[in-house]
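Here is how the chains run, residue by residue.
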Amino acid sequence: MEGEQHWDTFGVGSTCCFGGHNLAVADIDDDGLGEIITGGFAYSDLSNSTLRRAFAPLKIWNWDGMKFILKKSYNWTGYLRCVYTGDIDCDGCVELITAGGLLNTTGIFSSLRILVYNGEDWVLSGSYEGKEVITSVFVSDVDGNGEKEIIITGASLNGNSSVIQIMLFNWDGKDIKFNTSVDCFEPGKGQLNSVYACDLDYDGKVEIIAVGYSGTVKNSSGYLGIWQFNGAKFSQKSEIAWQKMGGAYSVDVAGNPMGNTMASKLKVSDVDADGVQEIITGGFTYDGSKVEGQLRIWSWNGETLRLEKSQEWAILDITNVTSLSFGDVDGDGEIEIVTSGYTAGYRSWAPNASGKTRGELKIWSWNGNVLRLEQSKDWIVGEAFSAWNVETGDVDNDSVIEIVTVGCMQIGILCDPDLRIWMINLPQNIFEIHYFLIATFMGIMAIITAIAFMLMRKWTTR
């Protein structure tokens, strides 16, 4: 660990950076440095009911290699479930998208916002409020018309019922407008937790990939689905659901139903450099005794989903992968899979219980045949901790990919984020070794060139 940061609510209020989508890493103001963006949900003062106020704590951080610098902080009434960065309007500048809820005297509404940096400050350049519940956000040109859509997974509320949907929104630089949606499950029979979009099979068409669970919570199956959108309607191209042990479900640390199998996060990349993009999913599965963390690697040939590898592991009673990222974090020239989450004991939410929740961080490599665990770390902060979010990136411009985690720590009744920068301990003097190898190679080439020149000169003087 290189650095650690708490929030201004530490010890006096409560902030939780929950879920697997409340962290982003990108150079969002074009200053050459990667920013760290965090969201979540906060109470300003738990000790005073008259001053207690719930708000969405958007924070933009820099890391200078030694300490965190809070660059900007914005609060508004509500909560943040997702922060996302991307060039929505293809102008070469990165926009910041926030998604969550807006609280007012009439109720709770979904909140989708776009913030644009104008050279001095961040300006709200579009917003949308509705009855939807948003779980994840992605941006891509899904219909090939040259304009990018904002892709949302979540639920559309109608009275006491809700329908899980994939929704598309458009942004014209000023306003966010709803485009269309597709229903993904029958009411009460599933949930989508994460979405991604890209041309999976290199056929020129963009696929929308989403994961979550199908069925009810007590009999949940992990779920992965693929859709396409042609500008007018959605068409589902493939789907798959899985369980390790059917007919059983686990409970969480507080004793509430947790489910059988669920996927929390997905990303797509060619992690084994074979020219085929892999879908990586993270979540959990229940084996009848313990909840195991689950990492799965999939491929899609345009028609069929194929499971290439499934890896499960358990530390305490409950182990769960809540987020994942990619990056060459060990400097070996290959992409690693980085997962974060937690491990905990059953009923560990109770005071003085054993098996308190610990954060978990793992680094994996995949060569197309073997999934290898390269690094593993679990830790506790305060009384309990969950590493909800992880991202990777060169955040201090030192040409080294850092790992960023943020999650929730518990002290008594208070919850507060714990933001950390991690780095793989590279071999001592690795850069000197690289320079030595380069210098040695150049020296050998110089010797070979000199010998060749001497032989040529000798041959021509005969």
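### What to know about the overall build of the chain
Scanning the chain for helices and strands turns up one helix and 32 strands. The 462 residues of the chain split such that 52% are buried. Here the chain has roughly 21,000 Å² of accessible surface; of this, 52% comes from carbon and sulfur atoms.

### Structural notes on the sheet that holds strand E10 (residues 107–117)
If you walk across this open sheet you meet the four strands as E8-E9-E10-E11, and the pairing is antiparallel. The outermost strands of the open sheet, each flanked by one partner alone, are strand E8 (78–86) and strand E11 (122–130). Put simply, the sheet's adjacent strands are angled 20° from each other on average, direction ignored. Pairing geometry for E8 and strand E9 (residues 95–104), over eight bridges, is antiparallel. Bridging across to E9, Leu80 finds its partner in Gly100.

### A closer look at the nonpolar core
One finds Leu112, Ile150, Ile166 and Ile279 to be the most contacted residues of the largest nonpolar core, which totals 52 residues. Residue contributions to this core peak at six residues, all from strand E14 (residues 161–171). Sequence-distant contacts of Ile166, that is, excluding residues within four places in its chain, are made with Ile151, Ile152, Thr153, Thr180, Ser181, Val182, Cys184, Leu192, Ile208, Ala210, Trp227 and Phe234. In terms of nonpolar packing, the next biggest core, distinct from the first, is built from 14 residues, Ala26, Ile37, Ala56 and Trp122 among them.

Scoring rules and cut-offs
Residues numbered from 1 in each chain as written. Predicted model: local features only at pLDDT ≥ 70, side-chain atom pairs only at ≥ 80, totals over all residues. Heavy atoms only, no water. Helix = DSSP H or I, 4+ residues; strand = E, 2+ residues; numbered from the N terminus. Buried < 20%, exposed > 50% of the residue type's maximum accessible area, 1.4 Å probe, protein only. Areas by Shrake-Rupley, 256 points an atom, 1.4 Å probe, with all protein chains shown as cover. Pairing = 2+ DSSP bridges. Axes fitted to C-alpha atoms, helices over the stretch in contact; angles between N-to-C directions. Core = buried A, V, L, I, M, F, W, Y, C linked by side-chain atoms within 4.5 Å. Contact = heavy atoms within 4.5 Å.

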